[in-house]
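Fold and geometry: a report
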Amino acid sequence: MGTDIGRAVADAGAEAYPRIVAALIRTTGDWTLAEDCAQEALASALERWPRDGVPGNPGGWLMTTARNRAVDVLRRASVERRKLHELALLTDADPAPGQEGDVVDDRLRLVFTCCHPALAPEARVALTLRTVAGVPTADIARAFLVSESTMTRRITRAKARIATAGIPYRVPTGAALVERLPGVLAVLYLLFTRGYDADGEPAFADEAIRLARLLDRLLPDEPEAAALLALFLLQDSRRAARRDGDGNLLTLDEQDRSRWDSDAVAEGLAVLARAGDGPYALQARIAAAHATAATGADTDWAAIAGWYDELARLRPTPVVRLNRAVAHGYAHGPGAGLALIAEARTGGALDGYPPAVAAEAELTARHGDPVRAAVLFRDAAGLVCSEPERRALLRRAESLTPPGP
């Protein structure tokens, strides 16, 4: 029974915690109070549900308990009547039809507040994870390769910055929305990447998809919001096929495409139809070309190369230029790709960047120089921090090394 109760609290908390925090921040303006009351509600559930049973509406019970705790704290602190009145109006149960938008709006306000440009980029991601997604600080710290105490201080400073700078708790409108939306999308993109990387935390990718759905739902006329969601769905559709039974990373050509999530692909394609021609839309179209190819040989590399040409014009970053080189290497021959890699490396922008070394190795192998390619794969393996990536690169080097006498 204890295990069942614990699971019930965990499930209810995963759904309700961000909603409770967002609602309490809106009504009190106090981030710490909101998080403390939400956590105390979960602790109270662990104490009372084994005795009283799981309530019919667990999320509503948690909201009511957290709200009542906030009322007690504010009343003792003699906070103005207006805030107490607003707290009293918070729904005790799940939102009724027509009320759901208000609750969802709270969470979108919270996303935009966490992603304010006054905060450092990594602080935006950490604060979004902690406050919007309810991810434990220890898990966020592991993802950022810092100690829990360091991450706690980073999040605390971000909250203090919001308070001292008077950052408003709202979704901007008009020109301000146009200005701020790219920053929010960039945070969600980084959040997804943190979860989708070889050593990433899958829950982060799940949370990025959930928040992207929320953003797309509330901003249906923003084509790049739709594009970002489509990109996430199409990329994540391959998650189950990215490793073999021993946990080794598999390339696209090695993956069992029957294990790709066809529902996610279909949804991603449907969302992509509402996207425009921005950077995320181009990346989503590239992901769609991979997701819809029956085999690696069926991949439309010419189209992918064309989309990377467009993306490089919009965002001429070294990484985009590297990916463009790889696409051209498959579309127009390895020699063309190697020439573009050399061009992208001008000025040392990609020096010591493992994917650049690995990309050169792959194109070199296809260009007919397996010995040089094996050396480059081993060089790339020496640069990566991820053990699964290191094993995959060394395995590729071994496949190109002739057996000894």
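Residues numbered from 1 in each chain as written. Predicted model: local features only at pLDDT ≥ 70, side-chain atom pairs only at ≥ 80, totals over all residues. Heavy atoms only, no water.

Attention now moves to the side chain of Gln 283. Looking at the secondary structure, you find Gln 283 in helix H13 (residues 279-291). Residue Gln 283 is classed as buried on the basis of its relative accessible area, which comes to 15%. A polar contact is formed between the side chain of Gln 283 and the side chain of Tyr 189, at a distance of 3.1 Å. Contact partners of Gln 283, with chain neighbours within four places excluded, come to Tyr 189, Leu 231, Leu 311 and Arg 315. (Helix = DSSP H or I, 4+ residues; strand = E, 2+ residues; numbered from the N terminus. Buried < 20%, exposed > 50% of the residue type's maximum accessible area, 1.4 Å probe, protein only. Polar contact = N/O pair within 3.5 Å; in protein donor to acceptor, adjacent residues only side chain to side chain. Contact = heavy atoms within 4.5 Å.)

It is worth spelling out the confidence of the model for the protein at this point. This prediction gives the protein a mean pLDDT of 84; 90% of its residues lie at or above 70. Below a pLDDT of 50 lies the segment residues 92-104, which in the model reaches 18 contacts outside its immediate sequence neighbourhood of four places, other chains included. (pLDDT = per-residue confidence, 0-100.)

Right, let's talk about the state of the cysteines for a bit. In this structure the tally under the stated criterion is zero disulfides. Cys 114 supplies the cysteine sulfur nearest to Cys 115, a cysteine that is in no disulfide, at a spacing of 6.3 Å. (Disulfide = S-S within 2.5 Å.)

As a further point, take the packing of aromatic side chains. Tallied over the full model, the rule gives five aromatic pairs. Pairing Tyr 189 with Tyr 280 gives two aromatic rings, centres 5.7 Å apart and planes at 45 degrees, and the pair type is tilted. Of this pair, Tyr 189 sits in helix H9 (residues 174-196) while Tyr 280 sits in helix H13, placing them 91 residues apart in sequence. For Tyr 189, a relative accessible area of 31% corresponds to the partly exposed category. What makes Tyr 280 buried here is its relative accessible area of 4%. Aromatic side chains Phe 192 and Tyr 196 sit 5.4 Å apart centroid to centroid with 15 degrees between the ring planes, which places their arrangement in the stacked category. With Phe 192 and Tyr 196 both in helix H9 and four residues apart, the pair spans about one turn of that helix. With respect to class, Phe 192 is no different from Tyr 196; both count as buried. What links up through ring pairs into an aromatic cluster is the set Phe 192, Tyr 196 and Phe 232. The ring of Trp 260 is capped by Arg 238, whose NZ or CZ atom sits 6.0 Å from the centre of that ring. (Phe/Tyr/Trp six-rings, centres within 6.5 Å; stacked < 30°, edge-to-face > 60°. Lys NZ or Arg CZ within 6 Å of the ring centre and 35° of its normal.)

To continue, consider the nonpolar core. As a rule of thumb, nonpolar side chains are buried together in soluble globular proteins. Leu 62, Leu 110 and Leu 215 are the most contacted members of the largest nonpolar core, which has 87 residues in total. With eleven residues, helix H1 (residues 2-28) is the largest single contributor of residues to this core. In contact with Leu 62, not counting residues within four places along its chain, are Ala 12, Gly 13, Ala 16, Ile 20, Ala 41, Leu 42, Ala 45 and Trp 49. Counting 14 residues, the second largest nonpolar core, distinct from the first, contains Ala 373, Ala 374, Ala 397 and Leu 400. (Core = buried A, V, L, I, M, F, W, Y, C linked by side-chain atoms within 4.5 Å.)

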